[in-house]
Amino acid sequence: MVDETSKSKILLAARSVFLRKGLAGARMQEIADTAGINKALLHYYFGNKESLFTSSFQSLLKEILPRFFGVFTTNLSFEEKVHTLARNYVEFLSDHPQLPVMILSEIQREPKRLLDQIQIGELIDLSTLQHQLDEEAAQGNIRKISVAEFLINTISLLVFPFAAKPIFQNVMSFSDSQFQKFIDQRKSSVSDFILNALKPH
């Protein structure tokens, strides 16, 4: 019989360890200790470290992707949706600053295995977003843009400062508090930048 409470506790503990150490550096014993359970229970529920990593990553994406992209299924105006997307991204990554580096590292290490198992396409309805972009363009509110270009431009602007935090702090001589203040300002500055870039020529 599956104990969903125990599974949830394991997944949260695994997420914490994987975010800090990645798949290669994580150890099942450390995950068990973090979850406060016997290591045998990890193997009972998830089999091996790779399976646990995939399950942990899937649970994380199921949590964050609706939070980010669910806004495009609301009745907010397109401008409000972009502002909300930027705010949600910055707030979440401020709480999970290791996430961008871990994702980039794992995708580079074994991209096909990870992406095949995660099935991101099942978690994001890109057709809904493309339809909204097309509608906004048809009404003359924005220039015509593909969903791929919109997402890459927006996510890159939001994620890169977290992924390159040590470089930014060194080059800009930012303390941790100064860096966080800079990041907080990007909740509005990035969305304003994107919306200005989308204005029709």
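Residues numbered from 1 in each chain as written. Predicted model: local features only at pLDDT ≥ 70, side-chain atom pairs only at ≥ 80, totals over all residues. Heavy atoms only, no water.

Peer 1: Quick question: what am I supposed to make of helix 8 (residues 126-138) here?
Peer 2: Spacing of three or four residues puts side chains on the same side of an α-helix, whose turn is 3.6 residues. Across its 13 residues, helix 8 extends 18 Å between first and last C-alpha, which sits within 8% of the 18 Å expected from 1.5 Å per residue. Where helix 8 is concerned, the buried positions are L129, Q130, Q132, L133 and E136. For helix 8, the buried positions fall inside an angular range of 160° around the axis, keeping them on one side. Residues of helix 8 that are exposed and point more than 90 degrees away from the buried face comprise S127 and A138. Buried residues along helix 8 sit in contact with helix 5 (78-95) and helix 9 (147-163). Within two residues after helix 8, G140 carries a phi angle of roughly 80°, on the positive side. (Helix = DSSP H or I, 4+ residues; strand = E, 2+ residues; numbered from the N terminus. Expected span 1.5 Å × (residues − 1). Buried < 20%, exposed > 50% of the residue type's maximum accessible area, 1.4 Å probe, protein only. Arc of directions from axis to C-beta. Contact = heavy atoms within 4.5 Å.)

Peer 1: It is not clear to me how the packing of helix 1 (residues 4-25) against helix 2 (residues 28-35) should be interpreted in this structure. Could you clarify?
Peer 2: Angle between the axes and distance between the axes are the two parameters that describe a pair of packed helices. One can describe the packing of helix 1 onto helix 2 by two numbers: an axis separation of 8 Å at closest approach and a directional angle of 130°. On the basis of their axis angle, the class for helix 1 and helix 2 is oblique. When you trace helix 1 past helix 2, the crossing you get is right-handed. In this structure, helix 1 contributes K9, I10, A13, A14, V17, F18, R20 and K21 to the contact, and helix 2 contributes E30, I31, T34 and A35. Taken together, the residues that form the contact of helix 1 with helix 2 break down as seven nonpolar, one polar and four charged. (Axes fitted to C-alpha atoms, helices over the stretch in contact; angles between N-to-C directions. Parallel < 35°, antiparallel > 145°, perpendicular 65-115°, else oblique. Left-handed = near helix turned anticlockwise from the far one by under 90°. Nonpolar A, V, L, I, M, F, W, Y, C, P; charged D, E, K, R; others polar.)

Peer 1: Help me understand the confidence of the model for the protein, please; the structure alone is not making it clear to me.
Peer 2: As a note on interpretation, predicted positions should not be read in detail where pLDDT is low. Per-residue confidence for the protein gives a mean pLDDT of 85, with 90% of residues at or over 70. When pLDDT is averaged over each element of the protein, helix 11 (residues 176-197) comes out on top at 93 and helix 7 (residues 111-118) at the bottom at 62. (pLDDT = per-residue confidence, 0-100.)

Peer 1: Just to check I follow, could you spell out the nonpolar core for this structure?
Peer 2: When a protein is soluble and globular, its nonpolar side chains tend to lie buried together. One finds F18, L52, F78 and F150 to be the most contacted residues of the largest nonpolar core, which totals 54 residues. Considering each element in turn, this core owes the most residues, nine residues, to helix 4 (residues 49-69). For F18, the contacting residues outside a window of four places in its chain are L23, A26, I31, K49, L52, F53, S56 and M102. (Core = buried A, V, L, I, M, F, W, Y, C linked by side-chain atoms within 4.5 Å.)

Peer 1: Please explain the pattern of salt bridges as it appears in this structure.
Peer 2: Pairs can form between side chains of opposite charge whenever their charged atoms are close. Considering all chains together, one arrives at five salt bridges under this definition. Among the salt bridges present, the one from E91 reaches K187, with a minimum N-O distance of 3.5 Å. One end of the pair, E91, is in helix 5; the other, K187, is in helix 11, with 96 residues separating them in the sequence. With a closest N to O distance of 3.2 Å, E149 and R143 form a salt bridge. What emerges from the salt-bridge pattern is a single network uniting R20, K21 and E30. (Salt bridge = Lys/Arg side-chain N within 4 Å of Asp/Glu carboxyl O.)

Peer 1: What is the right way to read the side chain of S191 from this model?
Peer 2: Relative to the assigned elements, S191 resides in helix 11. A polar atom in the side chain of S191 sits 2.7 Å from the side chain of H83. Here K187 takes part through its backbone oxygen, which lies 3.3 Å from a polar atom of the side chain of S191. (Polar contact = N/O pair within 3.5 Å; in protein donor to acceptor, adjacent residues only side chain to side chain.)

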